[in-house]
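# Geometric and topological summary
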Amino acid sequence: MVPQGLPPGLAYLGALDEVRIHQHLDVLEVMVGWERNNKYRLCNNQEQQFMYAKEDTDCCTRQFCGPARPFVMDIMDNNMQPLIRVDRPFRCQASFMWCCYLQEMDIQSPPGVSIGTVKQLWTPWKPRFEVLDSQGQQNFIIEGECCFCLPCRDIIFKVTDPKEQEIGEIIKHWGGCREILGAVNDFKVTFPAQLDVFKKALLLGAVFLIDFNYFERNRNQ
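Residues numbered from 1 in each chain as written. Predicted model: local features only at pLDDT ≥ 70, side-chain atom pairs only at ≥ 80, totals over all residues. Heavy atoms only, no water.

## Details of the environment of Gly116
Using the following cut-off: Strands here mean DSSP runs of E at least two residues long; helices mean DSSP runs of H or I at least four residues long; both are numbered from the N terminus. Note on contacts: a residue pair is in contact if any heavy atoms of the two residues lie within 4.5 Å.
Tracing the chain through its elements places Gly116 in strand 7 (residues 114-120). As a C-alpha pair, Gly116 and Gly136 span 20 residues in sequence and 7.4 Å in three-dimensional space. Look past the residues within four positions of Gly116 in its chain and what remains in contact with it is Met105, Asp106, Ile107, Leu132, Asp133, Ser134 and Leu202.

Shown next, in the form of C-alpha cells:
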C-alpha cells in the first residue's frame with residue numbers, strides 16, 4: 001500500500017516485495033582494524049540500488065562499545081534525501097540470564113517522526129523480536145533459528161503477523177571471503193508487495209538491529 005505524496009524513494013519501496021541489503025566493504029577498516037561507521041546499499045532484486053544507509057556514531061563510541069554501541073542510521077534515496085532513520089539507544093548486550101538488557105530500536109519516517117519500534121524478546125534458544133507500530137500495536141514477530149551462529153550457511157529469520165501467519169523472511173546470506181576477511185554482511189528481506197510501505201520500513205530497520213546484535217564483529221577485541 002503506497003499513500004499519495006510520498007518521496008519517490010519510499011514510493012519505490014512500496015512497490016517491492018524484496019529488498020537486498022549489502023554492507024559496504026571498508027578496506028581501510030580491514031587494514032588498520034579501526035572501527036568506522038557502517039554503510040549499506042539497499043537494492044531491488046535486480047541489484048539496482050535505490051537507497052543508501054549510513055551510520056552516524058562518534059569515533060570513541062565505536063571503538064569502546066563495539067557492536068553494542070548506540071547509533072543513529074539515516075536511510076536515504078540515491079539523491080541523498082533522508083527517508084528513514086533508525087535510532088538504537090545504548091544497552092548492555094543481552095545473554096541467557098540478562099533479560100533486563102534486551103535491545104530495541106526506534107524507526108522514524110520521515111526522520112524525527114516515529115513510525116514504530118523493534119524490540120528484542122527474551123528467549124533461551126532462538127533470537128526473537130517484536131515489531132510495534134507507533135501506537136504500540138504488534139505488527140510482526142521475527143524469529144530466528146537455534147543455530148544462528150553457524151558459519152558457511154544462510155541464516156533465516158521468519159516474519160509472522162499477529163495471527164502467526166508467515167508473511168516474509170529476513171535472510172542473512174553467507175558472504176564467503178567477503179564476510180571472513182572484511183566482516184561485512186549481506187541480507188535479504190521479503191514481504192508482500194501490497195504491504196503498507198511504513199511496515200516495510202519497520203522490517204528494514206529490524207535488519208540493522210539483527211545485524212548489530214548477532215553478526216557485527218568487534219575489530220578491537
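## Some points on the pattern of salt bridges
Filter applied, for reference: Here, a salt bridge means any side-chain nitrogen of Lys or Arg that lies within 4 Å of a carboxyl oxygen of Asp or Glu. We call a residue buried when its accessible area falls under 20% of the maximum for its residue type, exposed when it is over 50%, and partly exposed in between, using a 1.4 Å probe and counting protein chains only.
Under the counting rule described, the total for this entry stands at 13 salt bridges. A salt bridge links Glu47 to Arg20; the shortest N-O distance between them is 3.1 Å. Within this pair, whereas Glu47 is found in the loop between strand 2 (39-43) and strand 3 (49-56), its partner Arg20 is found in strand 1 (residues 18-23), the two being separated by 27 residues in sequence. A salt bridge links Glu179 to Lys172; its shortest N-O distance comes to 2.5 Å. Using a relative accessible area of 13% as the deciding quantity, one classes Glu179 as buried. Note on Lys172: relative accessible area 3%, which makes it buried. Within this structure, Glu35, Glu55, Arg69 and Glu216 form a network of salt bridges that share partners.

## A word on the nonpolar core
The line we're drawing: In these notes, a set of buried Ala, Val, Leu, Ile, Met, Phe, Trp, Tyr and Cys residues joined through side-chain atoms within 4.5 Å is what counts as a nonpolar core.
The biggest cluster of nonpolar side chains holds 47 residues, and the ones touching the most others in it are Ile21, Ile142 and Ile170. It is helix 5 (residues 197-215) that provides the largest number of residues to this core, a total of 13 residues. Those residues in contact with Ile21 that lie beyond four places of it in its chain are Tyr40, Arg41, Leu42, Asn185, Asp186, Phe187, Val189, Leu204, Val207 and Phe208.

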